[in-house]
Amino acid sequence: MKIGCIGGHGGPSNRGCFIRSYGDEADYTLLMSRKLHAALPGSVLLRPYDQTLSLKERGQLAKANQCDVVISLHVNAVPGNGLYGFSAWHWPGNARMQKLGKRILTLIPPELRVKRFDGTRSCRSLVSAIDERHIDDDKRWRMRGRAVLGCYPCDTLLLELGFGATDYLALLDTTIQDNLCLAIERAVGEQYNGINGQHVTS
Ligand SMILES: [Zn+2]
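In this text, all values refer to a predicted model and were calculated from it rather than measured experimentally.

Reading guide: rules and limits
Residues numbered from 1 in each chain as written. Predicted model: local features only at pLDDT ≥ 70, side-chain atom pairs only at ≥ 80, totals over all residues. Helix = DSSP H or I, 4+ residues; strand = E, 2+ residues; numbered from the N terminus. Contact = placed C-beta atoms within 7 Å. Axes fitted to C-alpha atoms, helices over the stretch in contact; angles between N-to-C directions. Parallel < 35°, antiparallel > 145°, perpendicular 65-115°, else oblique. Left-handed = near helix turned anticlockwise from the far one by under 90°. Nonpolar A, V, L, I, M, F, W, Y, C, P; charged D, E, K, R; others polar. Buried ≥ 20, exposed ≤ 12 C-beta atoms within 10 Å, placed from the backbone. Pairing = 2+ DSSP bridges. Core = buried A, V, L, I, M, F, W, Y, C linked by C-beta atoms within 7 Å.

Novice: What is the right way to look at the overall build of the protein chain in this model?
Specialist: Counting its regular elements, the protein chain contains six helices and eight strands. Ordered by position from N to C terminus, the α and β elements of the protein chain give β-β-β-α-β-α-β-β-α-β-α-β-α-α. Sequence-distant contacts, at least 24 apart, represent 72% of the contacts inside the protein chain between residues at least 6 apart.

Novice: Is there a simple way to think about the packing of helix α1 (residues 25-39) against helix α6 (residues 174-193) in this case?
Specialist: Between two packed helices, both the angle of their axes relative to each other and the distance between the axes serve to describe the pair. Contact geometry for α1 and α6: axes closest at 9 Å, N-to-C directions at 50 degrees. With respect to α6, the axis of α1 lies oblique. By crossing handedness, the relation of α1 to α6 is classed as right-handed. Taken together, the residues of α6 that come into contact with α1 (itself represented by M32, K35, L36 and A39) are Q177, D178, C181, L182, I184 and E185. By residue class, the composition of the contact of α1 with α6 is six nonpolar, one polar and three charged.

Novice: Just checking my understanding: could you explain the pairing of strand β5 (residues 69-76) for this structure?
Specialist: A regular strand places its side chains on the two faces of the sheet in alternate fashion. Across the eight residues that make up β5, a large majority, eight, are buried. The alternating pattern of β5 places V69, I71, L73 and V75 and V70, S72, H74 and N76 on opposite faces, both of which are buried. The pairing of β5 with strand β8 (residues 155-163) spans seven bridges and is classified as parallel. Each bridged residue has a counterpart across the sheet, and for V69 the counterpart in β8 is D155.

Novice: Which parts of the structure should I look at to understand the environment of V188?
Specialist: Of note, V188 is situated in helix α6. Overall, the presence of 23 C-beta atoms within 10 Å leaves V188 in the buried class.

Novice: Can you help me understand the environment of Y152 in this one?
Specialist: Considering the arrangement of structural elements, one finds Y152 in the loop between α4 (139-150) and β8. For Y152, a count of 25 C-beta atoms within 10 Å gives the class buried. Not counting residues up to four positions away in its chain, the partners in contact with Y152 are R58, G59, A62 and V70.

Novice: Even after reading the chapter, I still don't get the nonpolar core, so can you show me in this structure?
Specialist: The nonpolar side chains of a soluble globular protein tend to be buried with one another. Ranked by internal contacts, the top residues of the largest apolar core, which has 45 residues, are L36, I71, I104, L161, L180 and I184. Among residues more than four places away in sequence, those in contact with L36 are C5, I71, L73, C181 and I184.

Written out as structure tokens, the structure reads:
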């Protein structure tokens, strides 16, 4: 069992969204993918530095590295403010990734869970198939999410760790960053090894 960690975006022309008090999503996802890779023994870091990678190239890297699962890290961007929270997205009907996403959601630091839900602007933390409608997405977002999930030749989980405009305090907190990676590591360990905190490669 091999897990591929990859930060979304990267390179001079693909910077992703803006994270308040930080900068580009591309740099943040690189940072977090490095942390996740360090937390997951035997995992592979598919984008180890700031480089341009097409979706096709990402899929080829996952294949070349014989990944069984890819975890793609992103930060959500939505026009305007008022949206909060972590979300995990999987291909419709992929029960394994739905299960993994749900377990991660139960383990993530509380600061990245929903802070507000007024039914109109704020979203709740969720795990969802990419095609399901939610108030925090739009058609363009779903098409991009489908492209990300569809580029890999294996099970893939797309994690939007939070929103760059509203979750930035939590996203930039190093303790929360580390705990988020530990949550993912624990969920992966439970699902694939039945052992908390131990990810054994074969
Ligand atoms: Zn992104």
